[in-house]
Amino acid sequence: MRLSTTPAVLVLEDGRTFTGSAYGAVGETVGEAVFVTAMSGYQETLTDPSYHRQIVIQTAPHIGNTGVNATDDESRKIWVAGYVVRDASRISSNWRSEGDLETHLAEAGIVGIKDVDTRALTRHLRDKGAMRMGIFSGPAAAADPGAMLETVLATPPMAGAQLAEEVSVTEPELVPAVGEKRFSVAAVDLGIKGMTPQRLAERGIDVHVVPATVTFEEIEALGVDGVFFSNGPGDPATADAQVGLLREVLAARIPFFGICFGNQLLGRALGFGTYKLPFGHRGINVPVIDRTTDKVEITAQNHGFAVDAPLHGETIAPADESLGRVTVSHVCLNDDVVEGLQCLDVPAFSVQFHPEAAAGPHDSDYLFDRFVDLMSSRA
């Protein structure tokens, strides 16, 4: 394995800097700094399209222990803009390993930094909030500190960023049902992870993964039994086309299930606002209560925006009274953030987390069955 000692510098938009060594490719990169609290699943994190244009900081101190393999990728490429770790493993020790992480990052052109006090960095972001950041290594690390800061400050913020179209498929793809086909679903790819259509297919569903630019007429032509909106990057306030599409789906009473970005878009389609969280939820250990069952789930999450909806009672959809009543079905036990929406008069629900469990706990696997039940009740 490569053991880089090439100097590297991390620069935050508020001027704070950290020094370390290059990890992965040598050069410079910029993006929004976000920290991930997962103790495992770094390969799934790196290949999650929701991290597009973000520099990921791993709070777990040891990264790279199990190497990398072709099976655990959740999409066609690594999407993170940069990578920050404390102690990079010198060896990869796992029977499934097909290579080491640092070499994999270098081959993918991902600029990273290691030997950083990630605890101090995370505490800083938790106190000051998510902000733009740059990593500069090799010759770039010798640049004037003021020039490096100017590069960071010139980076577009995540608020106002329209990114789903940049990570979506451009042509429809079919993930066939496993076993006997029961239903078919149009899964709108806003940054979908590979395990999500797999979880649907395991329940006898033909999954038509369609581009973020799909129209309602194109979905109708597929003759599907339900519509699914995936996770994805960017500011939900910019996704007017997808919100318009979803309103047509709701008006047609087609069963709908959304996760993560899809939850935010259901919120917007119903007439609620969205807002940027101070530092977001990113990890596989976030406690959420399902108010429909009073059960607490440990969930996998990756989002920096949330829905602004009343936490208690029923609300008539502000955008259109014909959509009827809405309740907040799931709430984060850490900070009372809205984690799910349930429509009571149209067949639609959503959650803010990732029930596909790649990586993460399987507590929320039942949500795919709830979607099947919703389609069964409308058949």
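Treat the numbers as computed from the prediction; the structure is a model and nothing was measured.

> So what exactly am I meant to see when it comes to the UniProt feature "domain: Carbamoyl-phosphate synthase small subunit N-terminal" (unreviewed entry) in the protein chain here?
Sequence positions flagged by UniProt for "domain: Carbamoyl-phosphate synthase small subunit N-terminal" (unreviewed entry) are, in local numbering, residues 6–136. In the segment residues 6–136, helix accounts for 18% and strand for 34%; the C-alpha atoms at its two ends are 11 Å apart.

> I would appreciate a short explanation of the pattern of salt bridges in the present structure.
Here the idea is simple: oppositely charged side chains can pair when their charged atoms come close. Overall, the coordinates contain 15 salt bridges when judged by the stated rule. A salt bridge links Lys276 to Glu32, with the shortest nitrogen-to-oxygen separation between them at 2.7 Å. Placement of the pair is Lys276 in strand 15 (residues 273–290) and Glu32 in strand 3 (residues 28–36), with a sequence separation of 244 residues. You can call Lys276 partly exposed: its relative accessible area is 31%.

> Can you walk me through the nonpolar core in this structure?
Generally speaking, soluble globular proteins have nonpolar side chains that are buried together. Within the largest apolar cluster, 38 residues are counted, with the highest numbers of intra-cluster contacts made by Val188, Phe229, Leu246, Leu250, Leu270 and Leu341. The set of elements that each furnish at least two residues to this core consists of strand 11 (183–188), helix 7 (216–222), strand 13 (226–229), helix 8 (240–251), helix 9 (261–270), strand 18 (325–332) and strand 19 (338–343). Setting aside residues up to four positions removed in sequence, Val188 forms contacts with Val210, Pro211, Ala212, Val214, Ile219, Val227, Phe228, Phe229, Ser230 and Leu245.

> Explain the packing of aromatic side chains to me, please; I cannot follow it from the model alone.
Two aromatic rings, taken as a pair, are described by how far apart their centres are and by the angle between their planes. For the structure shown, the criterion picks out seven aromatic pairs. Note on Phe35 and Phe279: the rings are 5.6 Å apart at their centroids and 35° apart in plane angle, and the pair reads as tilted. Of this pair, Phe35 sits in strand 3 while Phe279 is found in strand 15, placing the two residues 244 residues apart along the sequence. Residue classification places Phe279 among the partly exposed positions, given a relative accessible area of 28%. Arranged with centres 5.4 Å apart and planes meeting at 70°, the rings of Phe228 and Phe257 form a pair that is edge-to-face. Remark: Phe257 occurs in strand 14 (residues 256–259) and Phe228 occurs in strand 13; sequence separation between them is 29 residues. The same class applies to Phe228 and to Phe257, which are both buried. Between Lys77 and the ring centre of Trp79, over which it is positioned, the NZ or CZ distance is 4.5 Å. Sitting above the plane of the Phe305 ring, Lys276 keeps its charged end 5.6 Å from the centroid.

What counts, and where the lines are drawn
- Residues numbered from 1 in each chain as written.
- Predicted model: local features only at pLDDT ≥ 70, side-chain atom pairs only at ≥ 80, totals over all residues.
- Heavy atoms only, no water.
- UniProt positions renumbered as here; feature names shortened; annotations may be inferred.
- Helix = DSSP H or I, 4+ residues; strand = E, 2+ residues; numbered from the N terminus.
- Salt bridge = Lys/Arg side-chain N within 4 Å of Asp/Glu carboxyl O.
- Buried < 20%, exposed > 50% of the residue type's maximum accessible area, 1.4 Å probe, protein only.
- Core = buried A, V, L, I, M, F, W, Y, C linked by side-chain atoms within 4.5 Å.
- Contact = heavy atoms within 4.5 Å.
- Phe/Tyr/Trp six-rings, centres within 6.5 Å; stacked < 30°, edge-to-face > 60°.
- Lys NZ or Arg CZ within 6 Å of the ring centre and 35° of its normal.

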